[in-house]
Amino acid sequence: MIKVIIERHVAEGLETVYQETIRNLMLQITERPGFLKGDAYRDVHHPNHFYVISNWQSIESWEHWQNSPERQRLLSELAPLLEQDEKCTVLALKVSYEAKPSKFVRPTQTYTY
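Residues numbered from 1 in each chain as written. Predicted model: local features only at pLDDT ≥ 70, side-chain atom pairs only at ≥ 80, totals over all residues. Heavy atoms only, no water.

(A) Molecular detail of the pattern of salt bridges. Enumeration according to the criterion identifies 5 salt bridges in this entry. Residue E70 is joined to R32 by a salt bridge in which the shortest nitrogen-to-oxygen separation is 3.1 Å. Separated by 38 residues along the polypeptide, E70 in helix α3 (residues 69-78) and R32 in the loop between α1 (15-29) and β2 (35-42) bring together distant segments of the chain. By relative accessible area, which is 17% here, R32 ends up buried. One salt bridge in this structure joins E77 and R73, with 3.0 Å as the shortest N-O distance. Here E77 pairs with R73, and both are found in helix α3, just 4 residues apart, close to one helical turn. Here the residues in one salt-bridge network are R8, R71 and E86, joined through shared partners. (Salt bridge = Lys/Arg side-chain N within 4 Å of Asp/Glu carboxyl O. Helix = DSSP H or I, 4+ residues; strand = E, 2+ residues; numbered from the N terminus. Buried < 20%, exposed > 50% of the residue type's maximum accessible area, 1.4 Å probe, protein only.)

So this is what it looks like as structure tokens:
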């Protein structure tokens, strides 16, 4: 599994339009092969900075979507709302932690890639 973080800086005053647009875009990718989950976030200290964090089955499934004509069309809808190009970061999970009811937190799962 990989995690993709997309950072976008939205032009001031267009935040509401962006949020409506990204909601529709995310609904369209739920049926994409290899897509597992996606969440959209807004930076609490910089209200025009938004992040989409999605989980994909593999780097290949993400790249297939990333380079698809459908995504390019959707990005063209977002472009007028952005101050700059989006930034994509692709992460492979190495270690997973979760809170335990103890004083010390230990890795719960370790992955190799």
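(B) Broad picture of the side chain of H9. Note on placement: H9 falls in strand β1 (residues 2-9). Among the polar contacts listed, one links the side chain of H9 to the side chain of E7, at a separation of 2.9 Å. Dropping the residues within four chain positions of it, H9 is found in contact with N48, H49, L81, L82, E83 and Q84. (Polar contact = N/O pair within 3.5 Å; in protein donor to acceptor, adjacent residues only side chain to side chain. Contact = heavy atoms within 4.5 Å.)

(C) How the structure looks around the nonpolar core. Within the largest apolar cluster, 19 residues are counted, with the highest numbers of intra-cluster contacts made by Y18, I22, W56 and W62. Mapped onto this core, the elements with two or more residues apiece are β1, α1, β3 (49-56), α2 (59-66) and α3. If you tally residues by element for this core, the top one is α1, at 5 residues. Setting aside residues no more than four positions away along its own chain, W56 makes contact with M1, I2, V4, I29, R32, P33, G34, F35, L36, S61, W62 and W65. (Core = buried A, V, L, I, M, F, W, Y, C linked by side-chain atoms within 4.5 Å.)

(D) Layout of the packing of α2 against α3. Remark: α2 packs on α3, axes separated minimally by 6 Å, with the N-to-C direction vectors making an angle of 55°. In terms of orientation, α2 lies oblique with respect to α3. For the pair formed by α2 and α3, the contact residues are W62, W65 and Q66 on the first element and E70, R71, Q72 and L74 on the second. Broken down by class, the residue content of the contact of α2 with α3 amounts to 3 nonpolar, 2 polar and 2 charged. (Axes fitted to C-alpha atoms, helices over the stretch in contact; angles between N-to-C directions. Parallel < 35°, antiparallel > 145°, perpendicular 65-115°, else oblique. Nonpolar A, V, L, I, M, F, W, Y, C, P; charged D, E, K, R; others polar.)

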